[in-house]
Amino acid sequence: MVSKFGNRFLISTDRSSLVLRIDGIGKLLTDYYGRKLTGLLDDDHLGIDYPFPQGTSVVYSPDYWNHNLSLVKSEIATMGKGDYFSPSVILSDDRTQVFDFVYDSYRIQEPEPIDGFPTPHGASQELVIVMAERQTHARLSLHYVVYESEDVIGRYAEIINDSDLPLAVKKLSSLQLGLTNDGYRIIGLTGSWANELNRNATKLVPGKFVLSSNTGFSSNRANPCFALASSHADFTHGDVYGFNLVFSGNHEESVEMDTNQNIRVQVGYNPLLTEIVLAKSKSFVTPMAVMAYAEDGLNGLAHRFQSFVNDCVIPPYFKNRERPIAYNNWEATGFDFNDGKIKKLMKKAKDLGIELFVLDDGWFGNRDNDSQGLGDWQCNEKKIKGGLKGLSDYAHGLGMTFGIWMEPEMVNKNSKLYQSHPDWIVKDVDHQPCPGRNQYVLDLSRTEVQDFVYQSVKSVLDSAKIEFLKWDCNRPLSDYPRSGSFFLDYFKGLYRVLDRLTKAYPTVLFENCASGGNRYDLGMLSYFPQSWMSDDTDSFQRELIQYGGMLGYPQSTFSNHVAAKTSMQMLRKTSLDAKFDVAAFGVLGYELDLNDLSPIDQATLSAQISYYKAHRALFQFGILSVIESYEDGNVFSVQVHRGDEWMIGRYGAIQLANPKLSYLKALDVDPNAIYAYASRQESIPLSKFGSHINSVTPIHVNPDGMALAWLMKNKDMKSEIDQGHAYGASLLSQGPALSVEWNGTGYSDKIRLEGDFGGRIYHLIQSSKSTHLS
Ligand code: DGJ
């Protein structure tokens, strides 16, 4: 809801308000962003002007001798008129690089799509404030897009050249917001391959903190999502602001604070090597940044962003649509497969209850390793007799759906595509382009390349019944052509292709992937409802990745696979159930070699799959919160909550000797209601007990020997079951005690043996006293 009160605008969502003010010289200022205001008062003094300029400051003009632009909370900042924060807008033409925008007009309109960039849907209103340059060189429109029930405000900017001279746009942030420091910590999501989305907090000090990518893609180095949390904020309480960008390319987010503790937040594309030159009357528009305010801590912020992504970002067809449990053959086979091997895996997957079979890399061209074949999207019928159709028919005959892997933006030199179009790759004039994973990037800024990519994907999707497509992208950009718009044009081209494809195949479930999470952002999620979060399938590593991701994204976007017991990336061994405990909080899948499963393993996986199917909507679409994090101790705990049901995942890092007692905690429960709770019983491999196994065997068994290995195929130990009832009040403050953790002195069904990097899932349901869960 947008209202105008004199020289102020009140932009409100269900639970937040942003107040903007046009000051005496026509500058647009942030007066307030916080809890919802039901209105504005004449004397509410939300913003205040400094009565005197500070020493060494430059005043705006002799008529406004007390106005120093460095001291106001501007919604845009240019250079040259006394604002010494970093500018959000940098322009120049042949005559000047000083630009001075003042309020011109406003309009309230139906939200409109942004030309060239994905635009989240479901907005209720859009306020456009037009700022005009004092010497009429240009006009700058600031768009505020209101996502009322999600408590999110989108902002983007558009500049129009009003002068006869060409206007160079060297920087144009989508968003600038002014705040005053409240002991803020900046919580960012940084990382690398196999180690994405590390949540880390930095106390804000005077200076400038920047999160950015210049890899060409949004990157695993720094996600565009970040939060500012006040000193008293924790997971459930306190003021938190969150920001993100609906864009998949280079981005830059900065938080700058001066010694007066004035803060400017900026979010936008990264201006590095980007300069747009506008002829007279031409305009340039940015992607949309989004922001949310929460008074209920980091979980509160996460809940707003979760519902925003589920309701307004992902394609509407997939809103609340339950996702299938997938099997992906990559970690089982790599490139080494044929149709017989795949069909065998399909049959085994089906027997376990898996619903979708995804054939990963290696099915096309001469793609027997990663140095060849990319770009030749015809099925290799020597490898796969009967082609994709044969495999798809087989999967459907078994009662499964069928999916395929592609990496459409890339090419290997050893391919027919490269031989026919060597000029299609991204390259500058005379340097030899750098390879990455032996491949090169197709220049999606070119229309003929966009058409090729569209047709390649179309021909694959038309060649068989294919319900799922994993879209991979395994290297960043390099050797860019000398064009000031290249980093934006690449994505405008990609988005054009994705828009055409998702309109032509609206029911195909696309999975985003870039060597895991190297391009996990709101731009890609606008077309692809879920994302392969990391190439690291180790469950402890995934706990950390999911913890980071849940700051700004819902678990319906997390594609999580249970992989082999010994992680291929970490060589860390954890049980199949420990892996499920983590993977279940998202879209579940499997990626291990099903031929290696013992009868006990098969039973374990079948039980996991049945459990997940019984609670799938809760796991995929429940409201996700953090209960405890490793920042505070040895326990990480999360919950999903939907209606009167909860699932709680409770994990430990390194096992401690003589551990303290543990209790089951939950959030968002009614203190006066009664809840039934029950842990999911797990399979504990006999090898976990080491030499203790001899206390129950009639003859001596070597814990590292063949006999135990054989026994373990058919026999396991079952974990404790913790179940009972609890008042909500107890769950909120202490919770019921859980079985005592293993402490080396004895084992029974009253002992909880999790070991290093283990965990449990607990189901909680509001109930009358008589309800029992199992
Ligand atoms: C990188 C992906 O992240 C993996 O899951 C797998 O699809 C490989 N590419 C295939 O080349």
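In this text the structure is predicted, and so the values were computed from the model without any measurement.

Regarding the pattern of salt bridges
Next up, step 1: The tally for this structure, following the rule as stated, stands at 39 salt bridges.
Next up, step 2: In this structure, Arg-304 and Asp-296 form a salt bridge, with 2.9 Å as the shortest nitrogen-oxygen distance.
Next up, step 3: Of the residues examined, Asp-296 reaches a relative accessible area of 24% and is grouped as partly exposed.
Next up, step 4: When the shortest N-O distance is used, the salt bridge between Asp-361 and Arg-367 registers 2.9 Å.
Next up, step 5: With relative accessibility at 1%, the residue Asp-361 sits in the buried group.
Next up, step 6: On the basis of relative accessible area, Arg-367 is assigned to the buried category, the value being 0%.
Next up, step 7: Residues participating in the shared-partner salt-bridge network are Asp-361, Arg-367, Asp-370 and Arg-437.

A few points about the sheet that holds strand 30 (residues 558–562)
Next up, step 1: Spatially, 22-23-24-27-28-29-30-31 is the arrangement adopted by the eight strands of the closed barrel, whose pairing is parallel. Within the sheet, the average angular offset between the axes of one strand and its neighbour, ignoring direction, is 30°.
Next up, step 2: Both strand 30 and strand 31 (residues 587–590) contribute to a ladder of four bridges, which runs parallel. Residue Ser-559 lies in a different strand from strand 31, and its bridge partner there is Val-587.
Next up, step 3: Of the strands in this sheet, strand 23 (356–359) and strand 24 (401–406) are in contact with helix 4 (residues 387–398), which crosses strand 24 at around 145°.
Next up, step 4: The strands touched by helix 7 (residues 486–504) are strand 27 (468–471) and strand 28 (509–512); relative to strand 27, the strand with the most contacts, the crossing angle is about 170°.

With respect to helix 11 (residues 599–614)
Next up, step 1: Taking 1.5 Å as the rise per residue, helix 11 with 16 residues should run 22 Å; its terminal C-alpha atoms sit 23 Å apart, in good agreement.
Next up, step 2: Turning to helix 11, its buried residues are Ile-600, Asp-601, Thr-604, Leu-605, Gln-608, Ile-609, Tyr-611 and Tyr-612.

Concerning the nonpolar core
Next up, step 1: Within the largest apolar cluster, 195 residues are counted, with the highest numbers of intra-cluster contacts made by Ile-159, Leu-359, Trp-363, Trp-471 and Tyr-590.
Next up, step 2: Tallying contributions element by element places helix 7 first for this core, with 10 residues.
Next up, step 3: One finds Leu-664, Ala-666, Ala-726 and Tyr-762 within the second-largest nonpolar core, a separate group that totals 15 residues.

Examining unusual backbone geometry
Next up, step 1: Positive phi, normally seen in glycine, also occurs at Thr-56, with a value near 60°.
Next up, step 2: Tracing the chain through its elements places Thr-56 in the loop between strand 4 (28–35) and strand 5 (89–92).
Next up, step 3: Phi is positive for Ala-194, which is not a glycine, with a value near 65°.
Next up, step 4: Secondary-structure assignment places Ala-194 in the loop between strand 12 (185–192) and strand 13 (195–203).
Next up, step 5: We classify Ala-194 as buried; its relative accessible area is 8%.

Describing helix 3 (residues 339–352)
Next up, step 1: Between its first and last C-alpha atoms helix 3 spans 20 Å; for 14 residues at 1.5 Å apiece the expected length is 20 Å, and the two agree.
Next up, step 2: Looking at helix 3, one finds that the buried residues are Asp-339, Ile-342, Leu-345, Met-346, Ala-349 and Leu-352. The arc that holds every buried residue of helix 3, seen down its axis, measures 140°, which confines them to one face.
Next up, step 3: Residues of helix 3 that are buried make contact with strand 22 (326–328), helix 2 (330–333), strand 23, helix 4, strand 24 and helix 11.
Next up, step 4: One or two positions beyond helix 3, positive phi appears at Gly-353, with a value near 105°.

A word on the packing of helix 9 (residues 539–549) against helix 10 (residues 576–583)
Next up, step 1: Put simply, helix 9 and helix 10 touch, their axes get as near as 9 Å, and they point 10° apart. Regarding the angle of helix 9 to helix 10, the classification is roughly parallel. Touching Ser-539, Arg-542, Glu-543 and Gln-546 of helix 9 are Ala-578, Lys-579 and Val-582, all from helix 10.
Next up, step 2: Of the residues assigned to the contact of helix 9 with helix 10, the class counts are two nonpolar, two polar and three charged.

Side note on the packing of aromatic side chains
Next up, step 1: The final tally for this structure, using the stated rule, is 43 aromatic pairs.
Next up, step 2: Centre to centre, the rings of Phe-217 and Tyr-490 are 6.1 Å apart; their planes meet at 45°, and the pair counts as tilted. With a gap of 273 residues between them, Phe-217 in strand 14 (residues 207–217) and Tyr-490 in helix 7 connect regions that are remote in the sequence.
Next up, step 3: For Phe-217, a relative accessible area of 0% puts it in the buried group.
Next up, step 4: Here a set of aromatic residues connected by ring pairs shows up, and it is made of Phe-117, Phe-217, Phe-247, Tyr-480, Phe-486, Phe-487, Tyr-490, Phe-491, Tyr-495 and Tyr-527.
Next up, step 5: Above the plane of the ring of Phe-9 lies Lys-4, whose end atom (NZ or CZ) is 5.7 Å from the centre.
Next up, step 6: It is Arg-572 that lies over the ring of Phe-757; its NZ or CZ is 4.3 Å from the centre.

Topic: the sheet that holds strand 17 (residues 249–257)
Next up, step 1: Strand order in the open sheet formed by four strands is 11-18-17-14, and the pairing between neighbours is antiparallel. Looking along the sheet, the strands with just one partner apiece sit at the ends: strand 11 (175–180) and strand 14. When the angles between neighbouring strand axes are averaged without regard to direction, this sheet yields 10°.
Next up, step 2: In this sheet, strand 18 (residues 262–269) lies alongside strand 17 in antiparallel orientation, the contact comprising seven bridges. Bridge pairing in strand 18 places Glu-253 opposite Val-267.
Next up, step 3: The sheet strands contacting helix 7 are strand 14, strand 17 and strand 18, and the helix crosses strand 14 at an angle near 55°.

What counts and what doesn't
- Residues numbered from 1 in each chain as written.
- Predicted model: local features only at pLDDT ≥ 70, side-chain atom pairs only at ≥ 80, totals over all residues.
- Heavy atoms only, no water.
- Salt bridge = Lys/Arg side-chain N within 4 Å of Asp/Glu carboxyl O.
- Buried < 20%, exposed > 50% of the residue type's maximum accessible area, 1.4 Å probe, protein only.
- Pairing = 2+ DSSP bridges.
- Helix = DSSP H or I, 4+ residues; strand = E, 2+ residues; numbered from the N terminus.
- Axes fitted to C-alpha atoms, helices over the stretch in contact; angles between N-to-C directions.
- Contact = heavy atoms within 4.5 Å.
- Expected span 1.5 Å × (residues − 1).
- Core = buried A, V, L, I, M, F, W, Y, C linked by side-chain atoms within 4.5 Å.
- Arc of directions from axis to C-beta.
- Parallel < 35°, antiparallel > 145°, perpendicular 65-115°, else oblique.
- Nonpolar A, V, L, I, M, F, W, Y, C, P; charged D, E, K, R; others polar.
- Phe/Tyr/Trp six-rings, centres within 6.5 Å; stacked < 30°, edge-to-face > 60°.
- Lys NZ or Arg CZ within 6 Å of the ring centre and 35° of its normal.

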